[in-house]
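Analysis of the macromolecular model
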Amino acid sequence: MKSPAWSQAWKTAADPVRARHFYDLLAATVPPGLLETIGAEQARILCALFGGSQALSTWIVSHPDLLGLTEPEALAYPRRKGELRKLAAAWFEQALVQKDYPGAIRRVRELKQREMLRIAARDLARLGQTPELIHELSDLADVCLDLVWMVCFAQLRDKYGQPCHLDPAGKWHATPGCVLGMGKLGGQELNYSSDVDLLFVYSDEGSVFRDLPRTPKAPRPALTNHQFYNRLAEAFIAETTRMTPEGQLYRVDMRLRPEGDGGPLSRSLFGYENYYAQWGQTWERMMLIKARAVAGDEALGGEFLEMVQPFRYARSVNPRVLHEVAAMKDRIENEVVKAGELDRNVKLGRGGIREVEFVAQSLQLLHGGRQPFLQGAQTLPCLEKLVQYDLLQGEDARRLTAAYCFLRDVEHRLQMDENLQTHTIPANRADQERLARLMGFPTLKLFETARAAHSGQVRRIFEKLLKQDAQGGREELPFPQTFEDSESTWKQLLIQHSFQDPDRAYRVLREFVEGPGYVHVSSRTRELALRLIPKLFSRCRQAGQKAGSRPASATVAELVPQSSALSDPDRVVTRLDSFIGAYGARATLFELWDSNPAIFEMLVLLFDRSEFLAELAIRTPDLVDELVTSGRLRQRKNSEETLRDLRHGFDDQDQHLWLRRYHQAELMRIGLRDILGLADPEQYLTELSALAEACLEYSTEVVMARHKLKRPPFVIVGMGKLGGAEIDYGSDLDILFVADSKARNMAKTSRLALEVMDLLSARTEQGMLFQTDARLRPDGEKGLVVNTLRAYEEYYGNRAQLWEIQSLTRSRPVAGELGVGRQFQLLASRLTNFAHPITPLAAYGKDWKQVMHRMRMRIEKERTPAGQDDLAIKTGVGGLMDAEFVAQALCLEHGWHEASTLGALERGRAEGKLPEAPRLITHYRMVRRVEGILRRWSYEGEILLPSDPAPFKRVSIRCGFETPDDFRTALANARKEIRTAYEAVFLS
């Protein structure tokens, strides 16, 4: 310690006592006299490091071979990403070739520790400016994360194979993946103890194979791409966050991904596009401004950024976004920053770093879509560009820049000492004085004066931009802002908007805004609630308002999609109240609705259009959130896709529970698509049928696994609506179980069939999936549940009645052993071909049409309540059964096998075999849609319209008609046309 270099260095140290302590420790670990040979500048650098970072000083004492990193020549210039890659290339590539994956990860940690030591030494010795230093820290993170990604990818590829996807031409390609940095990492503004905010993306859905397939028909995959990249993300996070003797690389924060902690770790490009296009919120726009590829395939990262560009930089943004940003900052101050730390937190407190970032990002949100030069991830360059476009005053930008650099400098000195993630100035005075010296101030008072000046300027500019403009962006609401002294005004408004019980509606709406009385509701939440009421009122009919009567010849395309008026606003507000109570987090829910008003309007329409879906949403409010935020409402699913989803629960111990939970989620998805008009008016029938098919197939697979069967013991044949792929809400599943003709022990096989039916039909606390009905089998309930193909052939050929042959026109194999199913279909086709009948056939006779007609008349008489024929849309005159009988007669007469009623009618029109075809088809579809709207409300097999005027009016509105009389007239005309077509087939 007699060296003049060290004597001078002690005088410059911010903490001389600690500097001497580490000098002594280091002197004990290096050859004697080595430290005395160090020059004055390196001694100053080491004293700055010893005084500023206990963690790194301890590291260099343990690794004295790193002393060379503190030489002035090594610290003169920043080390950029390319140089870091070159440093790592030699040993890393060799480790990958040798598959020394643990060794590669260890060397990455060592690289990170060495470079952190070098950057901190530059920083504490004042050899680099803040923008330069945070860029170095970010470059280091990029390189480390990319190396870890390559190691983890190589490990999973060795284990499972290569993720692949098919292009439109049927050729397989490797599927790349990418890690996107967000927040400070994305903006290349990392600090010493930042979390790294990440998103994981892969290009396309596909499958994982050992070798890239050469033909579209590929072998059985090891995993899907989604599974592979989720596992890769898990492995990557585990390696990055693991604590080891070499230290931890980085803490990883995945909460910025779609759906937050509840969402998948990785998504395809399409998955992200669908999510942000449908459900993206303001904070996600701000978050994506800083998105940047940091590891993996850079081209894919560029494709992601191009894909989200219209979302993050929209051409037109409501200026009220400033109010939302200001509200975000308020919530941070009220809910995130600890009590008593608001003025000491240099990141999140008043006048802190976050306010500088919010100023830049808010102006980017407002103007970046129209001014591309404002688009960028870094804060300081953005402030300069805002000045160039006269969106920020030059003096304000200079003050924000100076404050940002000062506060980031403070943040660095707080974090690098113990490598802690802190942004708060310590409460202890001695620690505060030490911090002041580290910042270059001789006294604490001078430091605090400078900090207060910077924070004050930031706060002033922040409030001038966001608070003032946010106030100006608030919308005027067309009703009183309070309830206490405005009860009569509110009730009059409710009457004007078609509420039938204004007293009760007033109480419910008041609770909607002010809360139930036993919980605290913030002014922000009350404001959000008030802004939602106009959206509710916009769905209500104004008293006396009439948009014009619908013509009596309205078609199915003119029904629900054209009408969004509420049929029962009183019930809707009651349901909203119940939903809020079930959701629990009122403030969070209202923030969601405010930032995504389409979700609120969707719920309002849901509560009006379906009682059973409303109850399901209230019982499981997260179900609606998950559907909305995942973007699955836009997804059209077939039975194969649904079955793949179901198989994710194959290892679940409680298959009844798994099936019911999945079924509820799919019912909600399909019902919402129907209600919101996201598919054509009959698409929901196809999707419900696909759901039923997948559930039958999955249940068969579960039973096979239980009994260790390699092949299905039977085929399940769908009959009726299932056979025609026309399952409606609440439909039973009419099914037959058919075994191969060589099968034996039908009693045992029947028990397996009963297990399949039990999985679907057993009533549990979660309800049941479908009521299965196997009574169409030979001898009905008295016969075996499963019969062989030969037994069916014998029965239908010798003992079946006409109605049983008629039912075969709607048969279709849907699950199980489809080879047997094809044989059954050949049999059914022969049996139902009355143009070339099998002889002898017990059910066949030349008067078969008259027999069918007499059967239809008997159904009409026995199943239609007396005096209510005009309400019986299924069994009454001109009801749905008329069209179904026509379709089945066409199939029998011409030897067609068209299981779908509509398909058979369409074929009759195409081949000129159906009189009055266009009018019959149009009006059949209309009445079938009315049946669907009835079933969607109650989930019951509705065959009657309500007789009471009030519920009849509500059904009229749900069906898109202005008045009950319009609805009644249109329906009567449709049924008249259906009966005319029926008579042309059966009575001509």
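Up top is the structure.
These notes cover the structure that comes with them. Every chain is numbered on its own, with residues counted from 1 as its sequence reads. pLDDT decides what is reported in this predicted model: residues at 70 or higher carry local features, side-chain atom pairs at 80 or more are listed and counted, and totals for whole chains, interfaces and linings draw on all residues regardless. Calculated side-chain values reflect all of the structure's heavy atoms, with hydrogen atoms and water omitted.

This brings us to the overall build of the protein. Think of it this way: any DSSP run of H or I at least four residues long counts as a helix, any run of E at least two long counts as a strand, and we number them from the N terminus. Regarding its fold elements, the protein presents 41 helices and 13 strands. Oriented by its inertia axes, the alpha-carbon framework of the protein measures out at about 125 × 75 × 45 Å. The burial tally for the protein puts 57% of its 988 residues in the buried class. Expressed as a percentage of contacts within the protein between residues at least 6 apart in sequence, the contacts between residues at least 24 apart total 73%. Surface accessibility in these figures is a Shrake-Rupley result with a 1.4 Å probe; residues are shielded only by whichever protein chains are displayed. Roughly 41600 Å² of accessible area belongs to the protein as shown, and the carbon and sulfur atoms make up 50% of that amount. Positive and negative side-chain charges in the protein, numbering 132 and 132 respectively, have mean positions lying 2 Å apart. The buried label applies to any residue whose accessible area, calculated with a 1.4 Å probe on protein chains only, is under 20% of its type's maximum; exposed applies above 50%, and partly exposed to all values in between. Residue contacts are defined here by distance: any two heavy atoms, one from each residue, within 4.5 Å place the two residues in contact. Charged residues are defined here as Lys and Arg on the positive side and Asp and Glu on the negative side; His and the ends of the chain fall outside this count. Where a charge lies is defined by one atom per residue type, namely NZ (Lys), CZ (Arg), CG (Asp) and CD (Glu).

Here we take up the pattern of salt bridges. Between Lys or Arg on one side and Asp or Glu on the other, a salt bridge is scored when a side-chain nitrogen of the former is within 4 Å of a carboxyl oxygen of the latter. Evaluation of the coordinates by the stated rule reveals 81 salt bridges. For E115, the salt bridge is made with R118, and the minimal N-O distance between the two is 2.8 Å. Of the two residues, E115 and R118 are both situated in helix 7 (residues 101-124); the distance of three residues between them amounts to about one turn of the helix. Among the ionic pairs, D674 bridges to R936, the shortest N-O distance being 3.1 Å. Placement of D674 in helix 29 (residues 655-675) and of R936 in helix 39 (residues 917-938) is noted, with a sequence separation of 262 residues between them. The class of D674 is buried, set by a relative accessible area of 6%. Three or more residues are tied together by salt bridges with common partners; here these are R79, E83, E115, R118, R122, E132 and E136.

Turning our attention to the side chain of S731. Take S731: it is sitting in the loop between helix 31 (720-723) and strand 10 (733-739). Nitrogen and oxygen atoms within 3.5 Å of one another constitute a polar contact, given that in protein one can donate a hydrogen and the other can accept it, and given that sequence-neighbouring residues count only through two side-chain atoms. Of the polar contacts made by the side chain of S731, one reaches the backbone nitrogen of D728; its length is 2.9 Å. In contact with S731, not counting residues within four places along its chain, are K721, F770 and R935.

Attention now moves to unusual backbone geometry. A positive phi angle, close to 60°, is found at R126, a residue other than glycine. Looking at the element boundaries, R126 is found in the loop between helix 7 and helix 8 (130-160). For R126, a relative accessible area of 42% gives the class partly exposed. At K708, a residue that is not glycine, the phi angle is positive and equals roughly 55°. Structurally, K708 is set in the loop between helix 30 (683-706) and strand 9 (715-719). A residue is classified by how much of its surface remains accessible, and K708, at 73% relative accessible area, is exposed.

This part covers the packing of aromatic side chains. Each Phe, Tyr or Trp ring (for Trp, its six-membered ring) is paired with any other whose centre lies within 6.5 Å, and the angle between the two planes then decides the class: stacked below 30 degrees, edge-to-face above 60, tilted in between. Under the defined criterion, the tally for this structure stands at 40 aromatic pairs. With 5.4 Å between their ring centres and 35° between their planes, W6 and W10 make a pair best called tilted. Residue W6 and its partner W10 are both found in helix 1 (residues 4-12); the two are separated by four residues, about one turn of the helix. With a centroid separation of 6.0 Å and an interplanar angle of 20°, the aromatic rings of Y792 and Y796 are classed as stacked. Taken together, the positions of Y792 and Y796, both in helix 33 (residues 789-798) and four residues apart, correspond to about one turn of that helix.

What follows deals with the nonpolar core. Here, nonpolar core refers to any group of buried Ala, Val, Leu, Ile, Met, Phe, Trp, Tyr and Cys residues whose side-chain atoms link them within 4.5 Å. Counting residues in hydrophobic clusters, the biggest one holds 95 residues, and the most contacted among them are L509, F512, W593 and M668. By residue number, the principal contributor to this core is helix 30, which donates eleven residues. The contact partners of M668, leaving out residues within four places of it in the chain, are L606, L613, L616, A617, L623, V624 and L627. Judged by nonpolar contacts, the second largest core, of 82 residues, contains L26, L35, L49 and L198.

Right, let's get into the pairing of strand 4 (residues 195-202). Along any regular strand, the residues point their side chains to alternate faces of the sheet. Across the eight residues that make up strand 4, a large majority, eight, are buried. Where strand 3 (residues 177-182) lies against strand 4, six bridges are found, and the strand directions are antiparallel. Paired with V179 across the bridge in strand 4 is F200. Pairing between strands is defined by DSSP: at least two bridges between them are needed. Bridge count for strand 4 against strand 6 (residues 251-253) is three bridges, and the pairing is parallel. Counterpart to D195 in the pairing with strand 6 is R251. Pairing analysis gives three bridges linking strand 4 to strand 7 (residues 266-268), with the strands arranged parallel. Within strand 7, the residue paired with Y202 across the bridge is S268.

Glancing now at the sheet that holds strand 5 (residues 207-209). Here we have three strands laid out as an open sheet, ordered 2-1-5, and antiparallel in their pairing. At either margin of the open sheet sits one strand with a lone partner, and together these are strand 2 (172-174) and strand 5. Strand-to-strand twist across the sheet, computed as the mean angle between neighbouring axes with direction ignored, equals 45°. Looking at chain direction, strand 1 (residues 162-166) and strand 2 are connected through three bridges and run antiparallel. From the neighbouring strand, L166 faces strand 2, where its bridge partner is W172. Angles shown run from 0 to 180 degrees and are taken between the N-to-C directions of axes, each axis being a line fitted to C-alpha atoms and, for helices, limited to the stretch in contact. Across the sheet, helix 10 (residues 225-241) touches strand 1 and strand 5, and the angle it forms with strand 1 is around 145°.

Let us look at helix 39. With 22 residues, helix 39 ought to run about 32 Å at 1.5 Å a step, and its terminal C-alpha atoms sit 32 Å apart, in line with that. With respect to burial, helix 39 is a largely interior element, 17 of its 22 residues being buried. Once helix 39 ends, the next one or two residues include Y939, with phi positive near 60°. The span you would expect from a helix comes to 1.5 Å times its residue count less one.

To continue, consider the state of the cysteines. Pairs of cysteine sulfur atoms within 2.5 Å are identified as disulfides in what follows. A full pass over the atoms with the stated rule returns zero disulfides. This cysteine, C178, is not joined by any disulfide, and C152 carries the nearest cysteine sulfur, 15 Å off. Classification of C178 as buried rests on a relative accessible area of 0%. Unpaired in this structure, C959 has its nearest cysteine sulfur neighbour in C540, at a distance of 19 Å.

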